[in-house]
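Residue strings, one per chain:
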Amino acid sequence: MLFHVKMTVKLPVDMDPAKAAKLKADEKELAQRLQREGKWRHLWRIAGHYANYSVFDLASVEELHDTLMQLPLFPYMEIEVDGLCRHPSSIHEDDR
Ligand SMILES: O=C(O)CC1=CCC(=O)O1
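Just so it is clear, the model here is predicted, and its values are computed rather than measured.

Chemist: A description of the sheet that holds strand E2 (residues 40-45) should follow, citing residues and the corresponding values.
Modeler: Across a sheet, strands are paired by hydrogen bonds formed along the backbone, either parallel or antiparallel in direction. The four strands lie next to each other as E2-E3-E1-E4, forming an open sheet whose pairing is antiparallel. Since the sheet does not close on itself, it has two edges, and those belong to E2 and strand E4 (77-84), each with one partner. Recorded for the sheet is a direction-independent mean angle of 15 degrees between the axes of neighbouring strands. Relative to E4, strand E1 (residues 2-9) runs antiparallel, the two sharing eight bridges. Along E4, the bridge assignment pairs Met-7 with Ile-79. Sheet strands touched by helix H1 (residues 17-36): E2 and E4. Its angle to E2, the strand with the most contacts, is close to 135 degrees.

This is the structure in structure tokens:
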């Protein structure tokens, strides 16, 4: 199942810079592992915002939920999710 996810990061302005740096490093490590596993298919910065558009390819809504909750930055993110399905006019056979 494909999910389009918008993540907007809102770190507290008074967060300890070392804590913020650790959270970002941990987030990057997990994000890159999930990309290597084929689960996090796209990760795009939204220009001008501390936010991203991502596409996840996961087995279920439960797996999406568990994956998002594992993200180190989860407590500091606003998350919007849309489920994706095949468009009848798409010419791509492998765009699931
Ligand atoms: O910077 C972001 O948009 C949050 C984030 C997601 C994966 C990652 O490495 O950072």
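Now that the structure has been shown, the text picks up again.
Chemist: Describe the pattern of salt bridges, listing the residues and the values that go with them.
Modeler: Scanning all chains against the criterion turns up five salt bridges. Its salt-bridge partner being Arg-33, residue Glu-37 comes within 3.1 Å of it at the nearest N-O pair. Judged by relative accessible area, Arg-33 falls into the partly exposed class, the value being 40%. Asp-57 is the partner of Arg-41 in a salt bridge, and the nearest nitrogen-oxygen pair spans 2.7 Å. Taken together, the residues span a long stretch of sequence, with Arg-41 in strand E2 and Asp-57 in strand E3 (residues 51-57) at a distance of 16 residues. For Arg-41, a relative accessible area of 36% puts it in the partly exposed group. On the basis of relative accessibility, which here comes to 14%, the residue Asp-57 falls in the buried class.

What counts as what
- Residues numbered from 1 in each chain as written.
- Predicted model: local features only at pLDDT ≥ 70, side-chain atom pairs only at ≥ 80, totals over all residues.
- Heavy atoms only, no water.
- Pairing = 2+ DSSP bridges.
- Helix = DSSP H or I, 4+ residues; strand = E, 2+ residues; numbered from the N terminus.
- Axes fitted to C-alpha atoms, helices over the stretch in contact; angles between N-to-C directions.
- Contact = heavy atoms within 4.5 Å.
- Salt bridge = Lys/Arg side-chain N within 4 Å of Asp/Glu carboxyl O.
- Buried < 20%, exposed > 50% of the residue type's maximum accessible area, 1.4 Å probe, protein only.

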